[in-house]
Amino acid sequence: MLETFENTLDPSDWNAFRLQGHRMLDDMIDYLKHLRDQPVWQPMPEEVRHSFQQALDDGYHDLEKAHAIFMKDVLPYALGNVHPGFMGWVHGGGTPVGMLAEILAAGLNANLGGRDQAPIEIEHQVVQWTRELFNFPETASGLFVTGTSMANLLGVLIARTALLGTDVRRKGITTNSQSLVAYTSASSHISITQAMDIAGFGSDALRTISIDEQHQMDMAALELAIAEDKKAGMVPFFIAATVGSVGVGAIDNLQAIAELCRRENIWFHIDGAYGALAMLAPDIAPRLQGIERADSIAFDFHKWGQVPYDAGFILVRNGKLHHNTFASPTAYLKREARGMAAGSPWPCDFGPDLSRGFRALKTWFTIKVYGEKKLGQVISNTCALAQYMKRRIETEPRLELLAPVALNIVCFRYRSTNANRVNADLVVALQESGIAAPSTTTINDQLAIRAAIVNHRTTTNDIDALINATLALGEIVATKAQS
Ligand SMILES: *Cc1c(COP(=O)(O)O)cnc(C)c1O
């Protein structure tokens, strides 16, 4: 039992609690310090899975005991994205500083929906830094959200309000006689499709534009699609360009899309989930030219920014429009000039969430402690590692590169008959080996081993380990497939 003080949930013995708290912190610091001694990932035994299916009152009400369960049954069976060998999907690695900031934020238990409090000034500070980073005007607004999936949805909703006016909030889009259509590339993230679905346009109103050999949105195909839609009486209102495509890390032609959007009066949204923060890296930022012309940018601090989950963000050029898309005055959220209800507008005026956690603090700590230069170096380094990996694949006859390496994602495969089956099995074998953890994607009907190098801890040793394990396990898997 955790002995509590009278009817509260606070401990009656703060000293014992302090000692236990220090043990828990020490365990996590040790965990981060010794990551390399652990497998990247390991399958969870069935008895562990079943241990989480107990009745509500299991009889144990004890902090030490709960901590012991966490250490034994949770920590070893996490996904492993903190591990330097993790290259699956696009996951951030987190940092020790981010972890500590989470403790501080949890201690404050701040609700960043609104009102006059320093935590909101921290969020405003981060908004200001992102404005500077993307060369956005002072009138631009920003908001922390869960992730880029949510930020993309907000982008669609704000673009809708830009075209139809705030009346759309009362009347809905169905009463409008115009058919609004949006555009994105074939390699864009599924959350763009979901955003069109959730916003009520339906995913059929999203045109999927083909990609060129660099995996960029084909501009001629885009212009043609817009012309055809206009001829058919539709109203193009939204283009989502991608900076860092989820499949291969491609960057759309932002300048050309910006020109087109201006000419056609279309909202220019950028899904820069992981790629937008390449603005921090001086050697890569020039390739994002045109990003400063976007109407809205959706991105994550929790991917390349290494901030612990979750920390998504949206930056909107027209802050007033952003506000008018979501603000909903009501008596219990009344604003005052002084007192705790001051400080309007509040973050809740810029999105669908009222209660909001303190995502800004771990982001503020990350930027404050490591600095933009160091964070940018980490981003550059992951791209350099991708080039190193590309060279290793090109010099290895049993491996084959399947896509250009624009940033930090490398798609390749083990050469074999029945290659799709073999490479799918090979990726599972790699994951189960605990040595390295890539994921898969499909490029031109070819199943690719996809290594996304996002983690700041990854080094050439980890790339070598992945390549060597791919060769060793590839042979075993390919032989097995033939027998
Ligand atoms: C990860 C990703 C998303 C989704 O972001 P979440 O933070 O997972 O919601 C959207 N677009 C791209 C290009 C991504 O890489």
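This text follows the structure it describes.
In this text the structure is predicted, and so the values were computed from the model without any measurement.

S.K.: Could you clarify how one ought to interpret the site of the ligand in this entry?
M.R.: Every residue lining the ligand is accounted for by G147, T148, S149, H189, S191, G244, V246, D271, A273, D300, H302 and K303. The side chain of S149 places a nitrogen or oxygen atom 2.6 Å from an oxygen atom of the ligand. With respect to the ligand, the side chain of D271 contributes an N or O atom lying 2.7 Å from a nitrogen atom. Isolated, the ligand exposes 380 Å² of accessible area, and the fraction of that covered by the protein chains is 85%. Within the shell around the ligand, the residues separate by chemical class into two nonpolar, seven polar and three charged.

S.K.: Before we go on, may I ask you to explain helix α14 (residues 460–482) in this structure?
M.R.: A turn of α-helix holds 3.6 residues, and therefore any two residues three or four places apart point the same way. For α14, with 23 residues, the first-to-last C-alpha span of 33 Å sits near the 33 Å given by 1.5 Å per residue. Burial in α14 covers these residues: D462, I463, D464, L466, I467, A469, T470, L471, L473, G474, V477 and A478.

S.K.: Help me out: how do you make sense of the nonpolar core in this one?
M.R.: Buried together is how nonpolar side chains tend to be arranged in soluble globular proteins. Counting 102 residues, the largest nonpolar core has F134, I239, I291 and I297 as its most contacted members. Ranked by residues supplied to this core, first place goes to helix α6 (residues 148–164) with eight residues. Summarising the domain contributions, this core has at least three residues from each of domain 2 (111–357) and domain 3 (380–482).

S.K.: Is there a simple way to think about the environment of G142 in this case?
M.R.: Structurally, the position occupied by G142 is in strand β1 (residues 141–145). Linking G142 and R36, residues 106 residues apart in sequence, is a C-alpha distance of 37 Å.

The rules behind these values
Residues numbered from 1 in each chain as written. Predicted model: local features only at pLDDT ≥ 70, side-chain atom pairs only at ≥ 80, totals over all residues. Heavy atoms only, no water. Near = heavy atom within 4 Å. Polar contact = N/O pair within 3.5 Å; in protein donor to acceptor, adjacent residues only side chain to side chain. Areas by Shrake-Rupley, 256 points an atom, 1.4 Å probe, with all protein chains shown as cover. Nonpolar A, V, L, I, M, F, W, Y, C, P; charged D, E, K, R; others polar. Helix = DSSP H or I, 4+ residues; strand = E, 2+ residues; numbered from the N terminus. Expected span 1.5 Å × (residues − 1). Buried < 20%, exposed > 50% of the residue type's maximum accessible area, 1.4 Å probe, protein only. Core = buried A, V, L, I, M, F, W, Y, C linked by side-chain atoms within 4.5 Å. Domains from an automatic or database assignment.

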